[in-house]
Amino acid sequence: MKTILLVSGPNLNLLGEREPEIYGDATLADYVELASSTAADHGYELVHRQFNDEGGIVEEIHSARGTHEGIIINPGALTHYGWSIHDALAAYDGPVIEIHLSNPNAREPWRHTSVVAPVALGSIVGFGGYGYELAVNALANALK
Ligand code: DQA
């Protein structure tokens, strides 16, 4: 089965406990389950990896070259300054979708810049967990 890669960045392993007033009560595992079942509806297997460091994300994106059909990525705070993630995604040949649970543009000014957005096909922000379903649908559509 063809695969798509979901990458989660720093602190997303704490979802469910971390600032629930912003991120909600659901866990990362809940979002991965939703993304996986949506991917299965489109005939893809979803592979998920979570990292609390930038280097792990960069290496995972390198490994995706020639392995996964596309990437969905929530880089957490690295979204706003992780230029090595930008460069790794620029070197990846498939479609990339950026996702955020919250809407960073409606939060603190330092969250208003995304270094990932310029190398993504599109960004899905502010729809909470539902965004994971939207992101998989968008990626599957791009892969048609
Ligand atoms: C986030 C938004 C980021 O600004 C923040 O640092 C996160 C989560 C989101 O999904 O809303 O860790 O990526």
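All figures in this text were calculated on a predicted structure; none of them were measured in a lab.

Draft legend 1. Main features of the overall build of the protein. Summing up its helical and strand segments, the protein has 5 helices and 5 strands in all. Ordered by position in the sequence, the α and β elements of the protein form the string β-α-α-β-α-β-α-β-β-α. Taking 15 Å as the expected radius of gyration for a compact globule of 144 residues, we find that the protein reaches 14 Å, a close match to that expectation. Scored against the burial criterion, the 144 residues of the protein give a buried share of 47%. In the protein, the share of contacts with a sequence separation of at least 24, taken over all contacts with a separation of at least 6, comes to 75%. Approximately 6,700 Å² of the protein is accessible, and the part contributed by carbon and sulfur atoms is 50%. One way to put it: in the protein the 7 positive side-chain charges average out to a point 5 Å from where the 18 negative ones average out.

Draft legend 2. A look at the packing of aromatic side chains. On inspection of all chains with the given rule, the structure shows 1 aromatic pair. Centroid distance Tyr 31 to Tyr 132: 5.3 Å. Interplanar angle 5°. Geometry classified as stacked. One end of the pair, Tyr 31, is in helix α2 (residues 28–41); the other, Tyr 132, is in helix α5 (residues 130–142), and 101 residues separate them in sequence. On the basis of relative accessibility, which here comes to 8%, the residue Tyr 31 falls in the buried class.

Draft legend 3. Region of interest: the nonpolar core. The biggest cluster of nonpolar side chains holds 22 residues, and the ones touching the most others in it are Ile 4, Leu 6, Leu 15, Leu 46, Ile 72, Tyr 132 and Val 136. Going through the elements one at a time, β1 (3–8), α2, β4 (96–100) and α5 are the ones with two or more residues in this core. Excluding residues within four positions of it along the chain, Leu 15 makes contact with Tyr 23, Ala 26, Thr 27, Leu 28, Tyr 31 and Leu 101. Formed by 19 residues, the second largest nonpolar core is a distinct cluster that contains Leu 5, Val 47, Val 58 and Ile 85.

Draft legend 4. Summary view of α5. If you check α5, its first and last C-alpha atoms are 19 Å apart, about what 13 residues at 1.5 Å a residue would give, namely 18 Å. Looking at α5, one finds that the buried residues are Gly 131, Tyr 132, Ala 135, Val 136, Leu 139 and Ala 140.

Draft legend 5. Summary view of the side chain of Ser 114. Tracing the sequence through the fold places Ser 114 in the loop between β4 and β5 (122–125). Within the structure, the side chain of Ser 114 is placed 2.8 Å from the side chain of Glu 98, a separation counted as a polar contact. For Ser 114, the side chain forms a polar contact with the main-chain nitrogen of Val 116, separated by 3.2 Å. Beyond its immediate chain neighbours, meaning those up to four positions away, Ser 114 contacts Thr 79 and Glu 98.

Draft legend 6. Broad picture of the packing of α2 against α5. α5 packs onto α2 with a crossing angle of 30° between their chain directions and a minimal axis gap of 9 Å. Judged by the angle between their axes, α2 and α5 are roughly parallel. Between α2 and α5 lies a crossing of right-handed hand. When α2 is examined against α5, the residues Tyr 31, Leu 34, Ala 35, Thr 38 and Ala 39 are found in contact with a partner set consisting of Tyr 130, Tyr 132, Glu 133, Val 136 and Asn 137. Here the residues of the contact of α2 with α5 are counted per class, giving 7 nonpolar, 2 polar and 1 charged.

So, how was this worked out
Residues numbered from 1 in each chain as written. Predicted model: local features only at pLDDT ≥ 70, side-chain atom pairs only at ≥ 80, totals over all residues. Heavy atoms only, no water. Helix = DSSP H or I, 4+ residues; strand = E, 2+ residues; numbered from the N terminus. Rg over C-alpha atoms; globule rule 2.2 N^0.38 Å. Buried < 20%, exposed > 50% of the residue type's maximum accessible area, 1.4 Å probe, protein only. Contact = heavy atoms within 4.5 Å. Areas by Shrake-Rupley, 256 points an atom, 1.4 Å probe, with all protein chains shown as cover. Lys, Arg positive; Asp, Glu negative; His and termini not counted. Charge placed at Lys NZ, Arg CZ, Asp CG, Glu CD. Phe/Tyr/Trp six-rings, centres within 6.5 Å; stacked < 30°, edge-to-face > 60°. Core = buried A, V, L, I, M, F, W, Y, C linked by side-chain atoms within 4.5 Å. Expected span 1.5 Å × (residues − 1). Polar contact = N/O pair within 3.5 Å; in protein donor to acceptor, adjacent residues only side chain to side chain. Axes fitted to C-alpha atoms, helices over the stretch in contact; angles between N-to-C directions. Parallel < 35°, antiparallel > 145°, perpendicular 65-115°, else oblique. Left-handed = near helix turned anticlockwise from the far one by under 90°. Nonpolar A, V, L, I, M, F, W, Y, C, P; charged D, E, K, R; others polar.

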